[in-house]
Each structure stands twice: as structure tokens, then as C-alpha cells.
Amino acid sequence: QVQLVESGGGLVQAGGSLRLSCAASGRTFSRYAMGWFRQAPGKEREFVAAINWSGGSTVYADSVKGRFTISRDGAKNTVYLQMNSLKPEETAVYYCAADTSRSYASDDEQRYDCWGQGTQVTVSS
């Protein structure tokens, strides 16, 4: 079983930046794909970004391309989400997730079987 713990959320002004971290423990981190999702108040959870086992392949939602960057550090068992030029509508709880059955990145939420508790990101206008 994989345990995921997110950190790095907080309050930021529109146009600002935040870096989220997700520390993984349990099964071998370097073998599986990781993803970030978010859920705004009153909305369904949506895909943000994903990264394959090696970090060499990434997938992004169209809404964040060019502004967000997902990366991973195998030595630290951690995946990151660098978020730049944040917008108020991106206020949400951000979740880290692991697809422990596959090594390649995907935007399919159903594939992810392990989830963190989420971290709140609030972007003020």
C-alpha cells in the first residue's frame, strides 16, 4: 500500500506561484505513475497533471499547460507541482495520486488507486 502526503498549499494572490509536494511511502515509488488532481467547491474533481515512472513523460490539462510543471525526485520519493501565474478560479483542494499498476502517465482518474488527503490552494483576486 502506498501512502501519500501533500504539502505546500496556502493562500496566494492572483498571478503568484506555489509549489506543491507529495511525499510517497510504501511500495516502490520509482515504478509507478503519479498525478495531480484538484476539486473546487461545488465542482467535480478534475485532472491537472501526470508524470510517468521515470519523469521523462508528462501530461497536462489544457488549462494549465505552460504554467504548471510536474516533476519527481526518486531519491526523495516525492512528486512536485510547480504552479505559476495562478488564477482565482484555480482555488481548490489539490490531490496527489498514484497509479500503482502502471508506469506511464494518464489523465484518467479511474486508474489512480492511491490518494493523498489533499492540500488547500486559495488564489485571491
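Reading guide: rules and limits
Every chain's residues receive numbers from 1 upward, in the order its sequence appears when written. This being a predicted model, a pLDDT of at least 70 is required before a residue's local features are given, and a value of 80 or more before pairs of side-chain atoms are given or counted; all residues contribute to the totals for chains, interfaces and linings. With hydrogens and water stripped out, all remaining heavy atoms of the structure feed into the side-chain values. Counting from the N terminus, the helices are DSSP H or I runs at least four residues long and the strands are E runs at least two residues long. In this scheme, a residue with accessible area under 20% of its type's maximum is buried, one over 50% is exposed, and one in between is partly exposed, where area comes from a 1.4 Å probe on protein chains only. The contact definition used throughout considers only heavy atoms, calling two residues in contact when any of these lie within 4.5 Å. For two strands to pair, DSSP has to find at least two bridges joining them.

1. Some remarks on the environment of Arg31
Secondary-structure assignment places Arg31 in the loop between strand 3 (18-25) and strand 4 (33-39). On the accessibility criterion, Arg31 (62% relative accessible area) is exposed. With 23 residues separating them in the primary sequence, Arg31 and Ser54 have C-alpha atoms 7.9 Å apart. Those residues in contact with Arg31 that lie beyond four places of it in its chain are Trp53, Arg102 and Ser103.

2. Some points on the pairing of strand 8 (residues 78-83)
In terms of residue burial, strand 8 counts as a mostly covered element, since 5 of its 6 residues are buried. Where strand 7 (residues 68-73) lies against strand 8, 6 bridges are found, and the strand directions are antiparallel. The partner of Ile70 across the bridge, within strand 8, is Leu81. Hairpin connection, strand 7 to strand 8: the antiparallel pair is bridged by 4 residues, and Asn77 has positive phi, about 50°.

3. A word on the pairing of strand 11 (residues 119-124)
Here strand 11 shows a clear split, with Thr119, Val121 and Val123 buried on one side and none of Gln120, Thr122 and Ser124 buried on the other. Relative to strand 11, strand 2 (residues 10-13) runs parallel, the two sharing 4 bridges. The partner of Gly10 across the bridge, within strand 11, is Val121.

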